[in-house]
Amino acid sequence: MDVNEIYLVLVLYKTSLEDSKTINSLENILEERVNLLVFDNSPERQYESEKFNYKKFNIEYYHDLTNPGLSTAYNHALDIAYKSRYSWLLLLDQDTTFTKMFFDDIKELRVEKLPSSVVAIIPRVVSQSESKSISPVKIYPGGVCRPLNPLVGEISAPISGINSGTMLRVSYMNSINGFSKEYSLDMLDHWYFRRIFQDRKSIYILESNILQDLSVFGNFEENVSFVRYQQMLKSELLFIKEEGFISQMIFKFRLISRIIKQLKYKNKEYYKFTISQL
């Protein structure tokens, strides 16, 4: 695959390009300049110019102090990619460490030989801090996620992954009217992976790994603020509600288990909110 067929979108929040693990890792890997939309959700604008060059990136910069989340940023990028006739959209967040093997795999991929049903290309993702497999995963009723055994190639069975490192076919995403605004941040990745398989499309899994920092690992209370947790749980509930009755019942038991863990938190608002939603 030609890298010029791919449009990149990076979402920033209170992090500069200079401090982004994603940008720093890509800088050491890329052999050519690429076009990148930087959608900045930070409270204050970080860069004055709307278009500028930074290292190996031709950057189009957009700032939104209202912090609308990911779906707005991705839809903005999708619109540019579609109008500019890019074939693929590569989603990036600020805390991913990319590997040379990832781009080697992409360059070696004979995309013209892929079935048109393949609308997403994903690497395997490992937690940088915990060395745990994050993606791809199998989602069971109730939103239970379990890592898959290493797979390479096209897969039509329902699976899910994470946003950063995912490449989506522009024509397909445009055909479904882009990214759901109901999932502005959390569960957005699970939403479009579910939609892909509902539409009887498929995913291609690369052999390569990338590394990701996730706030949900480690000390949850320290890493995820109460306000952030409220957002997360509301998105989970919406996703599960759309899954049907069985998923809702299983999720209720998961919430009970979560409440038991949250009783040990210093901030009692966590378990109180979970009870209210239960």
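These figures come from a predicted structure and were not determined experimentally. (Residues numbered from 1 in each chain as written. Predicted model: local features only at pLDDT ≥ 70, side-chain atom pairs only at ≥ 80, totals over all residues. Heavy atoms only, no water.)

**Focus: the overall build of the protein chain**
Okay, so step 1: Summing up its helical and strand segments, the protein chain has nine helices and 13 strands in all.
Okay, so step 2: The C-alpha radius of gyration computed for the protein chain amounts to 19 Å, which stays within 12% of the reference 19 Å derived for 278 residues, consistent with globular compactness.
Okay, so step 3: Projected onto its principal axes, the C-alpha positions of the protein chain cover 50 × 45 × 35 Å.
Okay, so step 4: Looking at the 278 residues of the protein chain, the share that counts as buried comes to 50%.
Okay, so step 5: Long-range pairs, those at least 24 residues apart, make up 74% of the contacts in the protein chain with a sequence separation of at least 6.
Okay, so step 6: Only carbon and sulfur atoms are counted for the fraction: they give 49% of the accessible area of the protein chain, which is about 13,800 Å².
Okay, so step 7: Computed over 34 positive and 34 negative side-chain charges, the separation of the two mean positions in the protein chain equals 7 Å. (Helix = DSSP H or I, 4+ residues; strand = E, 2+ residues; numbered from the N terminus. Rg over C-alpha atoms; globule rule 2.2 N^0.38 Å. Buried < 20%, exposed > 50% of the residue type's maximum accessible area, 1.4 Å probe, protein only. Contact = heavy atoms within 4.5 Å. Areas by Shrake-Rupley, 256 points an atom, 1.4 Å probe, with all protein chains shown as cover. Lys, Arg positive; Asp, Glu negative; His and termini not counted. Charge placed at Lys NZ, Arg CZ, Asp CG, Glu CD.)

**Let's talk about empty space enclosed by the protein**
Okay, so step 1: In the structure shown here, the tally under the stated rule is one cavity of 30 Å³ or more.
Okay, so step 2: Residue lining of the largest cavity: I29, L30, E31, K100, F103, D104 and K107, and that is the complete set.
Okay, so step 3: Its residues assigned to classes, the lining of the largest cavity shows three nonpolar, no polar and four charged. (1 Å grid on protein atoms, 1.4 Å probe; cavity = no way out; pocket = protein on both sides within 12 Å on 5 of 7 lines; lining within 4 Å. Points joined across faces, edges and corners; volume = space filled by probe spheres on them. Nonpolar A, V, L, I, M, F, W, Y, C, P; charged D, E, K, R; others polar.)

**Digging into the packing of helix 7 (residues 226-241) against helix 9 (residues 269-277)**
For any two helices packed against each other, the geometry comes down to the angle between their axes and how far apart the axes lie.
Okay, so step 1: Close contact between helix 7 and helix 9 brings their axes to 10 Å; oriented N to C, the two are set at 20 degrees. The orientation of helix 7 with respect to helix 9, classified from their angle, is roughly parallel. As helix 7 packs across helix 9, the resulting crossing turns out to be right-handed. Between helix 7, through F226, Y229, Q230, L233, K234 and L237, and helix 9, the contact on the second element is made entirely by E269, Y270, F273, T274 and Q277.
Okay, so step 2: Grouping the constituent residues of the contact of helix 7 with helix 9 by class yields six nonpolar, three polar and two charged. (Axes fitted to C-alpha atoms, helices over the stretch in contact; angles between N-to-C directions. Parallel < 35°, antiparallel > 145°, perpendicular 65-115°, else oblique. Left-handed = near helix turned anticlockwise from the far one by under 90°.)

**Structural notes on helix 3 (residues 100-108)**
Okay, so step 1: Among all positions of helix 3, only F102, F103, D105 and I106 are buried. Considered in projection along helix 3, the buried side chains sweep an arc of 155 degrees and stay on one side of the axis.
Okay, so step 2: On its buried side, helix 3 packs onto strand 1 (6-12), helix 1 (21-27), strand 5 (88-92), strand 7 (118-127), strand 12 (167-169) and strand 13 (202-212). (Arc of directions from axis to C-beta.)

**Brief notes about the nonpolar core**
Okay, so step 1: In this structure, L89, F179, I196 and I203 are the most contacted members of the largest nonpolar core, which totals 49 residues.
Okay, so step 2: A per-element tally of this core places helix 2 (residues 70-83) first, with seven residues.
Okay, so step 3: Apart from the residues lying within four places of it in its own chain, the contact partners of I196 are V119, A120, L168, Y172, K201, S202 and I203.
Okay, so step 4: If you look at the next biggest cluster of nonpolar residues, it comprises 39 residues, including I59, Y61, I106 and V118. (Core = buried A, V, L, I, M, F, W, Y, C linked by side-chain atoms within 4.5 Å.)

**A word on a nonpolar patch on the surface**
Okay, so step 1: A surface patch of nonpolar side chains, amounting to about 400 Å² of accessible area, comprises F253, I256, I260 and L278.
Okay, so step 2: As for its position among the elements, I260 is in helix 8 (residues 245-262).
Okay, so step 3: A relative accessible area of 53% means that I260 is categorised as exposed. (Patch = residues over 30% accessible without salt bridge, like charges linked within 9 Å, V, L, I, M, F, W, Y side chains within 5 Å. Salt bridge = Lys/Arg side-chain N within 4 Å of Asp/Glu carboxyl O.)

**Things to note about the environment of R194**
Okay, so step 1: By the secondary structure assignment, R194 is in helix 5 (residues 188-198).
Okay, so step 2: Each C-alpha atom, one on R194 and one on S160, is 7.3 Å from the other, the two residues being 34 residues apart in sequence.
Okay, so step 3: Apart from residues lying up to four places away in sequence, R194 is in contact with Y183, F239, E242 and E243.
Okay, so step 4: Of note is the side chain of R194, whose polar atom sits 3.3 Å from the backbone oxygen of F239. (Polar contact = N/O pair within 3.5 Å; in protein donor to acceptor, adjacent residues only side chain to side chain.)

**Overview of unusual backbone geometry**
Okay, so step 1: For the bond from S135 to P136, the omega torsion is 0 degrees, close enough to zero to count as cis.
Okay, so step 2: Residue placement: P136 occurs in the loop between strand 8 (133-135) and strand 9 (137-140).
Okay, so step 3: Even without glycine at this site, N177 takes up a positive phi of about 65 degrees.
Okay, so step 4: Along the chain, the position of N177 falls in the loop between helix 4 (170-175) and helix 5.
Okay, so step 5: Classification of N177 as exposed rests on a relative accessible area of 72%.
Okay, so step 6: Non-glycine residue R200 carries a positive phi angle of around 60 degrees.
Okay, so step 7: Mapped onto the fold, R200 is located in the loop between helix 5 and strand 13.

**A few points about the side chain of Q94**
Okay, so step 1: Turning to its location among the elements, Q94 is positioned in the loop between strand 5 and strand 6 (96-97).
Okay, so step 2: Note on Q94: relative accessible area 13%, which makes it buried.
Okay, so step 3: Polar side-chain contacts of Q94 include one of 3.0 Å to the side chain of T15.
Okay, so step 4: The contacts of Q94, once residues within four sequence positions are left out, are L10, V11, L12, Y13, T15, S20, K21 and T22.

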